[in-house]
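Next come the chains, spelled out residue by residue.
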Amino acid sequence: MTRIKTTTISAAANMNRGAARSKRYVDDPEEEAGLLDGIEDGEEERASPRTPAPPQSATFGPKDKSRTIPFNTPEKLQSRYPPNIVRNQKYNVFSFLPVVFYEQFKYFFNLYFLLVALSQLVPALKIGFIVTYIAPLAFVLSVTMGKEAYDDYKRHQRDKEANSQRYLILQRDSFAADPSSAEEASYLSTHANTRSVPSSSLRVGDLIHLEKNQRVPADVVLLRTSDASGTCFIRTDQLDGETDWKLRVAVPETQKMDERNLPAIDAEIYADPPIKDIHTFVGTFTLNKPPSAHGDQGLPLQDLPPSVAPLTAENILWSNTVLAAGSAVGFVIYTGAETRAVMNTSHPETKVGLLDLEINKLAKILCAVTFAMSLILVALNGFRGLWYVYVFRFLILFSSIIPISLRVNLDMGKTVYANQIMNDPEIPSTIVRTSTLPEELGRITYLLSDKTGTLTQNEMEMRKLHMGTMSYGADAMDEVAHQLALAFGAEQSHHRQGSTSTGAQLASRGRRDMSSRVRDVVLSLALCHNVTPVTNDDGTVTYQASSPDEVAIVTWTASVGLTLVFRDRTKMELQTPTGARVTYDILDIFPFTSESKRMGIVVRETQTGEITFLQKGADVVMAKIVQRNDWLEEETSNMAREGLRTLVMARKRLSSQLYKEFSSQHHAASVKLEGRNEAMAAVITEFLEHDLELLGLTGVEDKLQDDVRSTLELLRNAGIKIWMLTGDKVETARCIAISTKLVARNQYIHEMSKLKTADQIRDQLDFLQNKLDCCLVIDGESLQLCLNLFQNEFIEITTKLSAVVACRCSPTQKADVARLIRKATKKRVCCIGDGGNDVSMIQAADVGVGIVGKEGKQASLAADFSVTQFSYLTKLLLWHGRNSYRRSAKLAQFVIHRGLIISIMQAVFSAIFYFAPIALYQGWLLVGYATMYTMAPVFSLVLDRDVNEDLALLYPELYKELTKGRTLSFKTFFQWCMISLYQGAAIMIMSLVLFESEFLHIVSISFTALILNELIMVALEITTWHVYMVISEVVTLFFYVISIAFLPEYFDLSFVVSLGFAWKTAVIVAISTIPLYIIKLIRRKVAPAASSKLL
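Criteria and cut-off values
Residues numbered from 1 in each chain as written. Predicted model: local features only at pLDDT ≥ 70, side-chain atom pairs only at ≥ 80, totals over all residues. Heavy atoms only, no water. Helix = DSSP H or I, 4+ residues; strand = E, 2+ residues; numbered from the N terminus. Buried < 20%, exposed > 50% of the residue type's maximum accessible area, 1.4 Å probe, protein only. Areas by Shrake-Rupley, 256 points an atom, 1.4 Å probe, with all protein chains shown as cover. Axes fitted to C-alpha atoms, helices over the stretch in contact; angles between N-to-C directions. Parallel < 35°, antiparallel > 145°, perpendicular 65-115°, else oblique. Left-handed = near helix turned anticlockwise from the far one by under 90°. Contact = heavy atoms within 4.5 Å. Salt bridge = Lys/Arg side-chain N within 4 Å of Asp/Glu carboxyl O. Patch = residues over 30% accessible without salt bridge, like charges linked within 9 Å, V, L, I, M, F, W, Y side chains within 5 Å. Lys, Arg positive; Asp, Glu negative; His and termini not counted. Charge placed at Lys NZ, Arg CZ, Asp CG, Glu CD. Phe/Tyr/Trp six-rings, centres within 6.5 Å; stacked < 30°, edge-to-face > 60°. Pairing = 2+ DSSP bridges. Core = buried A, V, L, I, M, F, W, Y, C linked by side-chain atoms within 4.5 Å. Nonpolar A, V, L, I, M, F, W, Y, C, P; charged D, E, K, R; others polar. Expected span 1.5 Å × (residues − 1). Arc of directions from axis to C-beta.

Comments concerning the overall build of the protein chain
Within the protein chain, the secondary structure is distributed over 40 helices and 33 strands. Across the 1095 residues in the protein chain, those meeting the buried criterion constitute 52%. When the accessible surface of the protein chain is summed, it comes to about 49,400 Å², and 58% of that surface belongs to carbon and sulfur atoms.

Concerning the packing of helix α36 (residues 970-994) against helix α40 (residues 1059-1086)
Relative to each other, α36 and α40 sit at 155°, their axes nearing to 8 Å. Relative to α40, the element α36 lies roughly antiparallel. Once α36 is placed against α40, the crossing between them reads as right-handed. Of the residues in α40, those in contact with Q975, I979, Y982, Q983, A986, I987, M990, S991 and L994 of α36 are K1064, V1067, I1068, I1071, S1072, T1073, P1075, L1076 and R1083.

Brief notes about the pattern of salt bridges
The tally for this structure, following the rule as stated, stands at 41 salt bridges. As a salt-bridge pair, R443 and E358 come within 3.1 Å of each other at their nearest N and O atoms. Here R443 is found in the loop between β14 (431-432) and β15 (444-449), whereas its partner E358 is found in helix α12 (residues 354-380), with 85 residues between them in sequence. Here R443 matches E358 in class, with each residue buried. Residue D838 is joined to K814 by a salt bridge in which the shortest nitrogen-to-oxygen separation is 2.8 Å.

Some points on unusual backbone geometry
With a phi close to 60°, S429 is a non-glycine residue in the positive phi region. Here S429 is to be found in the loop between α14 (405-422) and β14. For S429, a relative accessible area of 52% translates into the label exposed. The phi dihedral of D691 is positive, around 50°, even though this residue is not glycine.

Some points on a positive patch on the surface
Positive charge collects at one region of the surface, where R641, R709, K741 and R745 lie side by side. Considering the arrangement of structural elements, one finds K741 in the loop between α24 (730-739) and β28 (749-752). Given a relative accessible area of 43%, K741 falls into the partly exposed group.

Details of the packing of aromatic side chains
A complete count under the given rule lists 25 aromatic pairs for this structure. Note on Y112 and F113: the rings are 5.6 Å apart at their centroids and 80° apart in plane angle, and the pair reads as edge-to-face. Taking relative accessible area as the criterion, Y112 reaches 10% and is therefore assigned buried. On the basis of an interplanar angle of 85° and a centroid distance of 5.1 Å, the ring pair of Y933 and Y1040 is categorised as edge-to-face. Taken together, the residues Y933 in the loop between α32 (924-930) and α33 (935-939) and Y1040 in helix α38 (residues 1027-1046) connect sequence positions 107 residues apart. Look at Y933 and you get buried, because its relative accessible area is 3%.

What about the sheet that holds β14?
Here 9 strands make up an open sheet; going across it, the order is β14-β33-β32-β31-β15-β27-β30-β29-β28 and the pairing mixed. The open sheet is flanked by β14 and β28, the only strands paired with a single partner. Alignment of strand β27 (residues 721-725) against strand β30 (residues 803-807), held across 4 bridges, turns out to be parallel. Note that in β30 the partner of I722 across the bridge is A803. Along the sheet, helix α28 (residues 811-825) contacts β15, β27 and β31 (828-833); its crossing angle with β15, the most-contacted strand, is approximately 170°.

Some thoughts on the nonpolar core
Formed by 64 residues in total, the largest nonpolar core has its most connected members in I359, I402 and L406. If near-sequence neighbours (up to four positions away) are discounted, L406 is found in contact with F109, I359, A892, V895 and I896.

Brief notes about the packing of helix α21 (residues 656-670) against helix α22 (residues 676-687)
At their nearest, the axes of α21 and α22 sit 8 Å apart, and the two run at 170° to each other. One element, α21, and the other, α22, form an angle in the roughly antiparallel class. Two secondary-structure elements touch here, α21 through L658, E661, F662, Q665, H666, A669 and S670 and α22 through R676, A679, M680, V683, I684, E686 and F687. Classifying every residue of the contact of α21 with α22 by side-chain character gives 8 nonpolar, 3 polar and 3 charged.

Side note on the pairing of strand β6 (residues 231-235)
Most of β6 sits out of view: 4 of its 5 residues are buried. Inspection of the sheet shows β6 paired to strand β12 (residues 322-323) by 2 bridges, in the antiparallel sense. Its bridge partner being in β12, R235 is matched across the sheet by V322.

A word on α22
Helix length check: α22, at 12 residues, gives a terminal C-alpha distance of 17 Å against a target of 16 Å (1.5 Å per residue), a fit within 8%. Within α22, burial applies to A679, V683, I684 and F687. Taken down its axis, α22 places every buried residue within 135° of arc, on the same side. Opposite the buried face of α22, at more than 90 degrees from it, the exposed residues are N677 and E678. Packed against the buried residues of α22 are β22 (581-590), β25 (645-654) and α21.

Following this line, the structure appears as structure tokens:
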């Protein structure tokens, strides 16, 4: 059977594309019925005279994902494409146990304990209770698995909710049901039959009906909208992070049809293979039998060619966008994993803190130490007898060197830190979503931040209007309104009176000249834009445009009296301060692009027929277009210094003759096949863009989030390098970088944009290498080029800069930058953002922070920590992060010391007793040592603090100390090993010296000295004593004394209560602890810690 093929069609064949497809699909119904090969081939031959066959390329590989989809798509074709299912889960029922076990046992720590626990099943190696080895491991694993299972279940719930949202799909009419009333008949004449399906059941080729505020479930071609003009607005905040509404246009051919006719038309859509880029789409819509192409008998006329319309990104609604107004019908082209939204999100990997990795390294060293000690003890005994069994027995005896309780303690510590963060009243509504990472917050070196909605509130406000000789600030806008009312009032009276001037009128001409200038600039601002007024259900009017700056300006013109009341694609209506309405025809629009940096419009006033070309844009391009002046450059730099976004407004009056000439040449250029854009730009430059009359300069402010400036300054002083990655324009990002004080005052800003060649990039990088104190501003294209050509050099140089601003970044680029910084510097990277476009970056970072913002909760749900404001970051990093890291580092080393000291004692004991692998402490003593007798005091280290909160935030330099990682390093680890060696040996040897006559009491003496030693060590080690620590010390000691009475097999009560026992134990403890206390005092005097200098 002939299969429906998806083909890659060469550029030469593009013209034949529409014609060719009608042939390929002429037999779909027969094919569905499953005709025999021969008959089908005959059908193909019979159809062939209708259109020429396409030049089919030979590469019909399964890799080619471009597609041609007919309306009423056959089941067989639909089943080729992925199902429309959202899936964010990490595991399924079968993979859960294997994957979780792998994740756990790939840590040397856990693997070591598993092997020790299993060794107890061999009788020759059995030492003590088997439960003492297996219980701790089982506990750690069950806690971890429980947490993972719960997190994944939550993800599953969220997926299920998304997959079960219901949508209406259009079906072909079934003529069985007769309408019961005239009303129903009229409804059915324009509306199609629909049925409701869950989002997960949508297939490629389905026609879907969307209502206002419905989320688009798959990538669809927009066929028809409820708006007669064939346009609709969508919100794309979850896709690209921009909160303004975007205009989308329906396919003109289908917009003309009724909704009920859409499922029955003979048409097909070609779409390119799915890619990540949300700004480009290449496709065509082919209507094989145009509705008019029917003869008298209703038979199709053979000779009418199919009509082919191009499809671009503005005809597409991407999945995860929201229909903002009206209703729409779309044709599904990409589903599930092929949608742009899914292709732009990366799968989250399990994040592991650096501290955990460091401790894993130390565990390996300790394991080597254990093995070495075992071998040495067997070697000293001369490898007698079953020496290899003795090696293993020693290994198991010394297994407490690597304490499993370390994992338990650290995990419990993390839970405590997470609770402290969530219950901090100064950072309300902060949520810890990944509780394994609080220590990472204390070691951040790079902070990558989004701009819109993270540093700014994304609320624009017009703050300044400058007109050369006059300037109006935010507090003088009522004066603008007054001048405007004067101008429009005078205009009306002028029309009424005729034009004879009296002396009094001439005297007020200076005043009128000023008001007419205000009128000119305000009127131009009210006309030159892409804003559409939309009436809401409650009667209020909101302005929608692709740029929030434009909305701010139009809102401002309304506030001073000139209101935009109506707009479609051909005309615009304004209401003047006197209440009259003025209508303008829109003749041409030249939209804003990042290359042109300007936007123009040609309008004709319907009353007078006067044609005007209005243009507004960035000062860099407008300065060359407007007439000579002496103030523009100076004023724009003044406004930019205030952090305002500037736009230059200019106009040119056109005679109808000039416009006619321009129009014909512009049309001729627009149908060229090669160099079309350049030709059109040349015509615009020749006729319109020169000697424009400069009307004024506007300054719009993007309000910053609360306390952004002070937050960034604190973080910079804490040694954190800040990068701003945004999808916004270079000019805007530059303004925000200045107004947030990301760039220090008078700091040089170096801009890298529009770079095209390797040589240009090399020159720029050489320049940067010699000027590392500047701030770099780079656009997306140049960034991509740098990453492709000079990845290592670029990252190496930019990571040394104090600040970097990357503009026009795609979500994937943001994530790539985060990964590259991590890889190149081996330092910790934190990413913070608030929109769906920041999710990839947040997941790629060591620590992801999401802000619950106006753009929804997508970033906050994907992040490790969720906050409600950017300024909460200072408290999160400088206080909670710093404390978490310091405490965990201290706790980890103390727990290692606790295990090491008992192993040293075991080694000394074995060495004295003829190297016999016999346990010094058995059963309950060992169990109690790691739990009841020392757990609470040691765990009280997680509440330790060296400075109070105010000092930590006042001196961010304290944070800088931590990023060097000196709190837990090989040096500190070695110091703790030496302490353990000294104390273990001191306690054991002194016990043997002082109690040689009572040799059998060695266990009770040394164990009591050991417990007291550990309690005193906690008190010495903690920086600030707190209530919990004191209580835990006292209670633990009390428990120990009582438990002696219940363990007669280890303790001889009559001996324990004697005076000799008491003083000898005191001497042993003094010898093991006092030298350390003296060393600590000397160090405090000679080399005090940074924090102690502030106290």
